[in-house]
Amino acid sequence: QKHTETRLVKITSSGEDPAYRIIREAIKKRPDYNDEKDQYSANCYVKGKMKMNETPNMSGFMKMMGGGKDGEDAQGELDSMKGIIYLSESYTKVGYQRKPAKYKINVLSSKVSGSREAYGFSVPMNVNFYDNNVSFSDQLNPRGLVSPIANSALRFYEYKLLESYFEDGEWVNRIRVTPRRKLEPVFVGEIHIIDNSWRIHSVDLMATKEYDLSIMDTVRIQQIHVPTPSGYTVKDQTFTFNFKMFGFGILGQFVNVFTNYKDEVAPSFFDRYVMEYDSLALKKTDAHWDSIRIIPLDVEEAKDYEKKDSLSIAEKAALDSARARPFSYKPMHIIKRGLGYKFKYGTTIKTDALIGLNRFKYNTVEGIVYELPVRFNHTIDKDRALYASLWGRYGFGSNIASGKGFVRYNWGKSNKKVLRLGGGQYVFQYNNNEPVSELLNSISTLFYGNNYLKIYQAKYAQASFSNSFYNGFSYRLGVDFQNRNALYNTQDFTFGNRENNFTANYPTEILSSTIPHHSRIEFAAIISYQPGRHLIKYPDRIVSTSSRYPTFFSGIKVAQPIFNTSSDYAKWQVGSSGGLDLKLYGQFNYRLAVGGFLRKETVFAPDFTHFNGNQLLLASEYLNSFQLAPYYANSNTESFYTTYNVEHHFNGLGTNKIPLFRRLKYYLVAASNGYYVNPDNNYIELSAGLENVGFKLFRMFRVDAVVGYKNFSDPVFGVRIGVSGGMFSVGGSGGDAEE
C-alpha cells in the first residue's frame, strides 16, 4: 500500500532541486544494477493489440464530387473499419544468462485473433532503462533514446522532485523528467527512484515526434519493478504507441507480465535457438487460455476473438470452393491493370498494365520501344511456389523484335532452394548488371541529347541453382550462354533544337569499334556467409533472423572455349558488407571488395570488369555504385582491383542543434565511394547530403552533393537525388530482371 508523506528536504545554497542529487546517485549505481543478474528465468504473458481509432472524413469530398448516396456508403465503409485490427496473446518461458551471453524464449502458447495458423507476437519487449541508450525499435527511432539515468543524462534532462512516498518499507522518490531541448532523442514523464539503494522503482515515460521519434506520433513505456532474491526486476511493462497516416489513426499496446522469477536457469534450457515454439502452441483450448491469462480480456477483445475466428472458418471454406474467374475486361481496367485470369486456389496469369511508364522507352538503337511481360504465379503450398514470365519487346525505329522466357521454382522449409531457367533472344547492356535505367535514359536522350544506354542483342540460355541455409551460408551455381550480335544507332531524334551528343552504340571510352559476332559460355559459383545468425525453431522448420556480423561473399566466373564458343577467361571477387549501429552517433554501412582476372586469353567488352557508374540525376544503388563515374570509362581486364563504398547516416546527430534543420527534421548523411585498379586508373568520390527530405508522410528523399576525382585530379561536381535508406536504384535488377 502506498502512503504519501511529507519529508524534510534539504535545498542546496544554489537552489538546486533535490531530484538532481537522487539522479546523480542513480547514475553512479546504474552500471552495478545493469550487470546485477548473472542469470534468471521467468514466465511471461504477452498481449499485443492494435486498434484503428480514427478514419479520414471523406464526406465533404464526396459531396463536392457529387457522390451522393455512394459517398455516404463509402464513408460508412471507412468508419466500419474502426476497432481492433490485430490481437494476439502468447505465454512464454524466458531464460537469460549474462556470461557468456545467452537468451532464449520458449513459446508455450500462442494465438492470433482470426487465424488458426499464425503465431502471435511472442517476444517480451526488453526496454532496459539501466542502459545508457534505450533501444526498442530502429523504425521508431534509429538512434535510440537517452535513459533518464544515463551517464550523460544531466546534459539532456531537467529534473524536479514531485514527492516522496513510503511503500513496502522503502522511501520512493517521484521525479519529473523534462528534456532540456526539443528534437533530442529523449523521454518526458516520471521516474521513481528508491531512496538509499537508488534503484528504479517504476517509470512512466513518453517520447513524441517533438523529441525525435521517426514514425510514431507518441510512444509510452510504463514499468513496475519488484524485488527478487538477487535484486529488483521488471514485473509489468506496458508499451503503448499511436500514429496517424493518411487520416487513419492507429493505437497499439503491447503488455508484458512476468511471473515465476527464478535466479537460475537449467543449463539444458539454452541451445542454439533464441526462440523455440512448442509443437502444441497453436492448439490450446479456450479453457487453457482462461487458466493462464493473467490479464482478463475486455469486452471488445472477447468479441473480436469470437467474430474473427468465425469469419476465418467461413473464409477458408469459401476459398476452398472458389471458382476461377477472369480479371475485369473493362477497357480502362485493361489499360491500367492489364489482362489476366485468376484460377482456383489463387493461381494467376496476367500481364502488367498495357500502358505505363515502364511500357514505352526510347533509345538511339531501337527508337520507340514497347515492352510487355506476361506473368504466371502458382503457390503450391507455403513452402513451394512456381513463377514464370514471358517478355516481348519491339523497337519501332529498328524493327527489332525480341522475346525471352523465365521460370523460377522455389522450395524448402528451413533451407530455401531456387531453380531458375531462362532463355530467348533479347537486348543486353554491355554491363549486364544494367546500371543505366532505360526510362531515365529515354528522358536523357530525348531532352538532353545523351545516349548513355549501350546495348547488343543475344540469343541466350541460362540456368542456376541456389541454396540458402538458415545458418547464414548460401551458394549459387550457374551457367550462362550468349550468342552476341552488335546493334547500331538508327535514330538521332531529340526534342526542340537541342544539339545532340550521341555516341556510337558501344562503350567508346574503351572500344574503337563495336564487338564482333561471338559466343560465350560462362560458369559461375558464388558463395556468401553471415555468421552469428539468431535461430528460431518452429514445429516444422528453422528460420534465421538478424546478425550483427558482416556478410562475406566470394565468387568465380570462368568462360571456356567449348561448343564453338570463343571467350576464354577466369575472374574472381571476394568482399564483405555490413553495418555498425552506433546508436546516438548514427548508422555506418559499408561494402568492400577485391577482384580481378586470373586468366584473360579472349575477353570481349561485355565480360570486362565494370564499375557501376551513374551519369543521371537520380542516385544509383548507394553501396554498389559510383554516383558520378562514367559507365564504362574505367572498365578493364586487369588482374587486380579493389572497391569500397561507405556511408554514415547521422540520424539527427548535429542537425538537431540547428533551428531550421531541427524543425524540418532533415538528417545529415556522408558517403565516399572509390575503386583502384592502377596508378592510371582509379577514382574516388565524396558526398554530403540530407535525408528524410520531404513533407509530412513523404519524408523519404535524399539529396547529395558529390565531388569525384579521377586519378586524384580533375574534380567533377554533381547532385544526386534518391530515397533515404538506399532502397532506390535507377539501374536494373541484373541477372534476375525477368522477375
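Criteria and thresholds
- Residues numbered from 1 in each chain as written.
- Predicted model: local features only at pLDDT ≥ 70, side-chain atom pairs only at ≥ 80, totals over all residues.
- Heavy atoms only, no water.
- Helix = DSSP H or I, 4+ residues; strand = E, 2+ residues; numbered from the N terminus.
- Buried < 20%, exposed > 50% of the residue type's maximum accessible area, 1.4 Å probe, protein only.
- Contact = heavy atoms within 4.5 Å.
- Areas by Shrake-Rupley, 256 points an atom, 1.4 Å probe, with all protein chains shown as cover.
- Phe/Tyr/Trp six-rings, centres within 6.5 Å; stacked < 30°, edge-to-face > 60°.
- Lys NZ or Arg CZ within 6 Å of the ring centre and 35° of its normal.
- pLDDT = per-residue confidence, 0-100.
- Expected span 1.5 Å × (residues − 1).
- Bend = angle between axes of the 7 residues up to and from the residue.
- Patch = residues over 30% accessible without salt bridge, like charges linked within 9 Å, V, L, I, M, F, W, Y side chains within 5 Å.
- Salt bridge = Lys/Arg side-chain N within 4 Å of Asp/Glu carboxyl O.
- Polar contact = N/O pair within 3.5 Å; in protein donor to acceptor, adjacent residues only side chain to side chain.

1. Thoughts on the overall build of the protein chain
No. 1: Secondary structure summary: the protein chain contains 9 helices and 35 strands in total.
No. 2: Looking at the 739 residues of the protein chain, the share that counts as buried comes to 45%.
No. 3: Of the contacts formed within the protein chain by residues at least 6 apart in sequence, a portion of 62% connects residues at least 24 apart.
No. 4: Only carbon and sulfur atoms are counted for the fraction: they give 57% of the accessible area of the protein chain, which is about 36500 Å².

2. Considering the environment of leucine 108
No. 1: Within the secondary structure layout, leucine 108 lies in strand β4 (residues 102-112).
No. 2: In this structure, the C-alpha to C-alpha distance between leucine 108 and lysine 284, residues 176 residues apart in sequence, is 9.4 Å.
No. 3: Every residue in contact with leucine 108, bar those within four places of it in the chain, is listed here: Asn43, Tyr91, Thr92, Lys93, Asp278, Ala281 and Lys284.

3. Considerations on the packing of aromatic side chains
No. 1: Using the criterion set out here, one finds 38 aromatic pairs in the structure.
No. 2: The interplanar angle of 45° and the centroid separation of 6.1 Å between the aromatic rings of tyrosine 157 and tyrosine 159 together place this pair among those described as tilted.
No. 3: Tyrosine 157 sits in the buried class, given a relative accessible area of 0%.
No. 4: According to the relative accessible area criterion, tyrosine 159 is buried, its value standing at 4%.
No. 5: Of the aromatic side chains, those joined through ring pairs into one cluster are Tyr409, Trp411, Phe465, Phe469, Phe473 and Tyr475.
No. 6: Above the ring of tyrosine 426, the side-chain terminus of lysine 404 is found at 4.3 Å from the ring centroid.

4. A closer look at the confidence of the model for the protein chain
No. 1: Predicted confidence across the protein chain gives a mean pLDDT of 87, with 88% of residues reaching 70 or more.
No. 2: The element-level mean pLDDT for the protein chain is lowest in strand β1 (residues 2-5), coming to 50, with strand β25 (residues 518-529) highest at 98.
No. 3: Note on residues 726-737: pLDDT under 50 across the span, and 33 contacts to partners over four residues away in sequence or across chains.

5. A few points about helix α1 (residues 19-34)
The α-helix advances 3.6 residues per turn, and as a result positions three or four apart in sequence lie on the same side.
No. 1: Over its 16 residues, α1 extends 21 Å from the first C-alpha to the last, a length consistent with the 22 Å expected when each residue adds 1.5 Å.
No. 2: Taking the largest bend as the criterion, α1 deviates by roughly 40°, centred on lysine 28, and proline proline 31 comes between one and four positions later.
No. 3: Taken as a whole, α1 has its buried residues at Ala19, Tyr20, Ile22, Ile23, Ala26, Ile27, Arg30 and Tyr33.
No. 4: Those residues of α1 hidden inside the fold are in contact with α4 (153-156), β7 (157-167), β8 (170-179) and β9 (188-194).

6. As for a nonpolar patch on the surface
No. 1: Together, Tyr341, Phe343, Ile349, Val374 and Leu390 make up an exposed nonpolar region whose accessible area comes to about 400 Å².
No. 2: Note on placement: phenylalanine 343 falls in the loop between β16 (340-342) and β17 (348-351).
No. 3: Here phenylalanine 343 falls in the partly exposed class, since its relative accessible area comes to 36%.

7. Comments concerning the side chain of serine 110
No. 1: Within the secondary structure, serine 110 sits in strand β4.
No. 2: For serine 110, a relative accessible area of 2% translates into the label buried.
No. 3: Within the local environment of serine 110, its side chain forms a polar contact with the side chain of serine 90, the two groups lying 3.4 Å apart.
No. 4: Apart from the residues within four sequence positions on either side, serine 110 is in contact with Glu89, Ser90, Tyr119, Gly120, Ser122, Ala281, Leu282 and Trp289.

8. Overview of unusual backbone geometry
No. 1: In this structure, the amide linkage connecting lysine 99 to the following residue, proline 100, adopts the cis form with an omega of -15°.
No. 2: Within the fold, proline 100 resides in the loop between β3 (83-97) and β4.
No. 3: With phi around 50°, aspartate 168 is a residue other than glycine that occupies positive phi space.
No. 4: One can find aspartate 168 in the loop between β7 and β8.
No. 5: We classify aspartate 168 as exposed; its relative accessible area is 68%.
No. 6: The backbone phi angle of lysine 583 is positive, close to 55°, even though this residue is not glycine.
No. 7: The topology assignment puts lysine 583 in the loop between β29 (568-581) and β30 (587-602).
No. 8: Relative accessible area serves as the criterion here: at 30%, lysine 583 is assigned to the partly exposed category.

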